[in-house]
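Remarks on the overall topology
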Amino acid sequence: MERQISAAKSAAQEELRTDVTLNRVARFAKKAPRKFPAAAGQYLLDKLPIIQWLPRYSPSWLAQDFMAGLTIGVMLIPQGLAYAKIATIPIENGLYSSWVPAAVAVFMGTSKDLSTGPTSILGLLTAEIIVDLKSEYSPANIAAAVAMMVGIFSLLIGVLGLGFLLDYVSIPVLTGFISANALIIGMGQVESLVGLDDVPDGVFNQIGNLLRRLPSWDGPTCGVGIGTILILIVLQKIGKLWGKKHFAIKYMTSSRAIIVLVIFTLISYLINKDRDEPIWGISKVDTHGIVPPKVPDGALLSKVAARAIAPLVASTLEHLAVGKAFGRLNHYSIDQTQEFNYLGVTNIVNSFFGAMPVGGAMSRTAVNSECHVRSPLNGVVTAGFIILTLYAFSPALYWLPKSTLAAIIIMAVINLFGPLSIFWRFWRVSLADFIASMVAFWVTIFVSAEIGIGAAAAWSVVWTLLRSAFVRPTINASKSTDSNTAMLQPLALTTTSNESRTENAGTSIPEDTVVVRFNDSLFFPNANRNKVKALEAVQLVYPSVANAHYSADSERSWSVAGERRLERLRVQHGVVMREMPLAVVVWDFTMVPFIDVTGITALAELKDDIHRQLGRGVQIRIVGMTSKVRRRFARANWKLADVDGSLDGDAEVVYPSIERAVWDERDRDSLKGITTEKA
């Protein structure tokens, strides 16, 4: 008894001593205290990139940074007002939303080109939340609460390193989502462009209503709006033709929104200043500098927390996509994790000033890059210009025509709509991606932007899981039965084209050998399917044997469904049974980076079924197994041995190449006395 207790104790101690997880925790606990100070210091340095780049700053860069910062500041005036209008908050709040991102980017940004601020997509997503809560809170307070939650979520993602979660929102999903939002935003501004009120929600409802009320369109309002659009188009064409030749022309055309804003605001002031009622609708911007900071209401934060997910996804995806694109263009890389931290801090600070959520903007970033900006220091000039506008220039914006603002918005979002050719490309390349883009587009159009991007992302996740679940192994064996060896060819029902063969498709093998190539990770969604398909493909061609090792095999099973299915498939595919019994099965793990408990269990069952149905003497040989997968087998107490090492009779042998695995000598002794089962 004492001996048994001692043995059990020793076994338990050995299990604990060799446990991988416990050893990993112990190593971490031992190393962490020593490495923490240095790691913490480096972590803090990474959070303030200015500490690294400012000592390298060259005074010769000041002129380019100043011009770039001033240009972006000028662009932000009309865009901030326009996107606040989309968000259905007081349009001066668009200016409140614009100075903090530029200021914080100086200290925390990792992109010299990226311009962060209000965007049209974030304006629309904020407006959808405001619609549901405006009976309880003011629109500005709701927008600030959304900005706060977007900032908190972004900061958590950055600190915890969870940015990979956004990879589930694919490019087709984002394209469909942005295109739908561009259409919604553009149609939503047409009523202001033509001077109508009470236009219903919904893109197609708006189109019908606008056409029915065509005689009611306001002439002066249409004149201002259409005139704004024409000037914007002309300036855009001039920029494309001569912008690269003359800096002044490029600067003027890139600032075309501020040009039309000044022109039509001045016209509006001259025409309407002495009238009791203006001829057209005016924006009535009312701001007197930066508003006193205010913490968003706690109850309101809890109500918008879940709804802030859609603005979070839109903000971070667009921000990172634009940042990475211009980083590649200008030969540097951004720190994705740090950009999450930057967005988090920016939106949190912004929320204290009644701002809407912000993110990176493609148009402003492109202009910033064209101005040859040299560092994030340009944000000082941008923030300073916005603050100057809030205190000094904003009274002039009181007379800004609403139709001019609507025209600026429409021209800004036209370029966001993905061309039809890109959806055709999705169709040609991948039906699943095309469906994802269509789900994002049409659900956003008919339901809401939040549900649209959620439904499309859910489709992508489900499709990914289905692809993982329906992965099949490729089973290869000799094609000809007229000789002892033949080229490695696909076995019946496992593949339909030469493109699906293994990389070793040129290897010649004996007739009594099969190679099973697993084409993906073996884990719970696909483990059973891999096992069933591999066994079925082998049983179709190789004869079953009477195996004395399994006593139950001496009694015929009551169920004949499996046998009938195999017979039916042989007839259907014209498969001829081989006379030579199976001797070797090679498991090719070249494409298996990961395996879990379910996968190992399925392989154990596959091994047992092969021995039960095809002979106890069939050898299982393994090739292409990574060290990570091999450690999993060891932790599951599955014995493996290298062919060139010490061999254990109960262990599966691991080979360095497919050639050695298929050609190594067979152990025929175990096949003696086994006879082929007769039908």
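Scoring rules and cut-offs
- Residues numbered from 1 in each chain as written.
- Predicted model: local features only at pLDDT ≥ 70, side-chain atom pairs only at ≥ 80, totals over all residues.
- Heavy atoms only, no water.
- Axes fitted to C-alpha atoms, helices over the stretch in contact; angles between N-to-C directions.
- Helix = DSSP H or I, 4+ residues; strand = E, 2+ residues; numbered from the N terminus.
- Parallel < 35°, antiparallel > 145°, perpendicular 65-115°, else oblique.
- Left-handed = near helix turned anticlockwise from the far one by under 90°.
- Contact = heavy atoms within 4.5 Å.
- Nonpolar A, V, L, I, M, F, W, Y, C, P; charged D, E, K, R; others polar.
- Expected span 1.5 Å × (residues − 1).
- Bend = angle between axes of the 7 residues up to and from the residue.
- Buried < 20%, exposed > 50% of the residue type's maximum accessible area, 1.4 Å probe, protein only.
- Pairing = 2+ DSSP bridges.
- 1 Å grid on protein atoms, 1.4 Å probe; cavity = no way out; pocket = protein on both sides within 12 Å on 5 of 7 lines; lining within 4 Å.
- Points joined across faces, edges and corners; volume = space filled by probe spheres on them.
- Phe/Tyr/Trp six-rings, centres within 6.5 Å; stacked < 30°, edge-to-face > 60°.
- Polar contact = N/O pair within 3.5 Å; in protein donor to acceptor, adjacent residues only side chain to side chain.
- Salt bridge = Lys/Arg side-chain N within 4 Å of Asp/Glu carboxyl O.
- Patch = residues over 30% accessible without salt bridge, like charges linked within 9 Å, V, L, I, M, F, W, Y side chains within 5 Å.
- Areas by Shrake-Rupley, 256 points an atom, 1.4 Å probe, with all protein chains shown as cover.
- Core = buried A, V, L, I, M, F, W, Y, C linked by side-chain atoms within 4.5 Å.

Here helix H7 (residues 120-133) crosses helix H8 (residues 139-160) at 125°, and the two axes come no closer than 9 Å. On the basis of the axis angle, H7 is oblique to H8. In the packing of H7 onto H8, the handedness of the crossing is right-handed. Counted together, Thr126, Ile129, Ile130 and Leu133 of H7 and Pro139, Ile142, Ala143 and Val146 of H8 form the full contact between these two elements. For the contact of H7 with H8, the per-class residue count stands at seven nonpolar, one polar and no charged.

Okay, the environment of Ser508 next. Looking at the element boundaries, Ser508 is found in strand E5 (residues 508-510). In the structure, Ser508 is positioned 31 residues away from Ala477 in sequence and 9.1 Å away in space, judged by C-alpha atoms.

A rise of 1.5 Å per residue sets the reference length of helix H4 (residues 62-86), with its 25 residues, at 36 Å; its end C-alpha atoms lie 35 Å apart and thus fit the reference within 8%. The largest bend in H4 is about 30°, located at Leu76, with the proline Pro78 one to four residues further on. Most of H4 is tucked away, with 19 of its 25 residues classed as buried.

Turning our attention to the pairing of strand E3 (residues 474-478). Here is the key point about a regular strand: its side chains alternate between the two faces of the sheet. Burial within E3 is extensive, with five of its five residues counted as buried. Where E3 lies against strand E6 (residues 513-517), four bridges are found, and the strand directions are antiparallel. Residue Asn476 lies in a different strand from E6, and its bridge partner there is Val515.

Here we come to the packing of helix H6 (residues 99-108) against helix H18 (residues 378-393). Running from N to C, H6 and H18 point in directions that differ by 155°, and their axes come no closer than 8 Å. When the interaxial angle is binned, H6 and H18 end up roughly antiparallel. You can see that H6 and H18 cross each other, and the crossing is left-handed. Across the interface between the two elements, Trp99, Ala102, Ala103 and Val106 from H6 touch Gly379, Val380, Thr382, Ala383, Ile386, Ile387 and Leu390 from H18. Tallied by class, residues from the contact of H6 with H18 come to nine nonpolar, two polar and no charged.

This brings us to empty space enclosed by the protein. With the rule as written, the count across this model stands at three cavities of 30 Å³ or more. Counted as a void, the largest cavity has a volume near 130 Å³. Around the largest cavity, the lining is made up of 18 residues, and of these Ala102, Ala105, Leu114, Ser115 and Asn378 lie nearest the centre. If you list the elements that add at least two residues to the lining of the largest cavity, you get H4, H6 and H18. Residues that form the lining of the largest cavity fall into these classes: eight nonpolar, eight polar and two charged.

Residues other than glycine seldom take positive phi values, yet Lys284 does so here, at roughly 55°. You can see Lys284 is positioned in the loop between helix H13 (256-272) and helix H14 (298-304). Even without being a glycine, Asn637 presents a positive backbone phi close to 60°. The exposed category is assigned to Asn637, whose relative accessible area is 62%.

Below, the discussion takes up the packing of aromatic side chains. The tally for this structure, following the rule as stated, stands at 21 aromatic pairs. Here Tyr398 and Trp399 contribute two aromatic rings whose centre-to-centre distance is 5.2 Å and whose plane-to-plane angle is 80°, an arrangement assigned as edge-to-face. By relative accessible area, which is 32% here, Tyr398 ends up partly exposed. The interplanar angle of 20° and the centroid separation of 6.1 Å between the aromatic rings of Trp459 and Trp463 together place this pair among those described as stacked.

Looking at where Lys531 falls in the secondary structure, it is placed in helix H23 (residues 527-541). By relative accessible area, which is 14% here, Lys531 ends up buried. Linking Lys531 and Ile451, residues 80 residues apart in sequence, is a C-alpha distance of 38 Å. With near-sequence residues (within four places) excluded, Lys531 lies in contact with Ala602, Glu605, Leu606 and Asp609.

Our focus in this paragraph is the environment of Asp644. Here Asp644 shows up in the loop between strand E9 (640-642) and strand E10 (652-655). Judged by relative accessible area, Asp644 falls into the exposed class, the value being 61%. Linking Asp644 and Pro656, residues twelve residues apart in sequence, is a C-alpha distance of 9.2 Å. Among the polar contacts made by the side chain of Asp644, one reaches the side chain of Arg660 at a distance of 3.2 Å.

Evaluation of the coordinates by the stated rule reveals ten salt bridges. Taking the shortest distance from any N to any O, the salt bridge between Arg307 and Asp132 comes out at 2.8 Å. On the criterion of sequence distance, the pair formed by Arg307 in the loop between H14 and helix H15 (309-329) and Asp132 in helix H7 is long-range, its members being 175 residues apart. Asp132 sits in the partly exposed class, given a relative accessible area of 45%. For Lys303, the salt bridge goes to Glu136, with nearest N and O atoms at 2.5 Å. Residue Lys303 is located in helix H14, and its partner Glu136 is located in the loop between H7 and H8; the two are separated by 167 residues in the primary sequence.

Taken together, the side chains of Phe204, Ile207, Leu211, Trp442, Phe446, Val447 and Ile451 make up a nonpolar region of the molecular surface, amounting to roughly 720 Å² of accessible area. For the nonpolar patch, the secondary structure elements donating two or more residues are helix H10 (203-212) and helix H21 (431-446). When residues in the nonpolar patch are grouped by element, the largest group, three residues, is from H10. With respect to the element layout, Val447 can be found in the loop between H21 and helix H22 (449-469).

Let's shift gears to the nonpolar core. Among the nonpolar cores identified, the biggest contains 110 residues, and Ile77, Leu81, Ile142, Phe177 and Val304 are the most heavily contacted of them. It is helix H9 (residues 171-194) that provides the largest number of residues to this core, a total of twelve residues. Setting aside residues no more than four positions away along its own chain, Ile142 makes contact with Ile129, Ile130, Leu133, Lys134, Tyr137 and Leu300. By size, the runner-up hydrophobic cluster in this structure holds 36 residues, among which are Ile475, Val575, Leu606 and Trp638.

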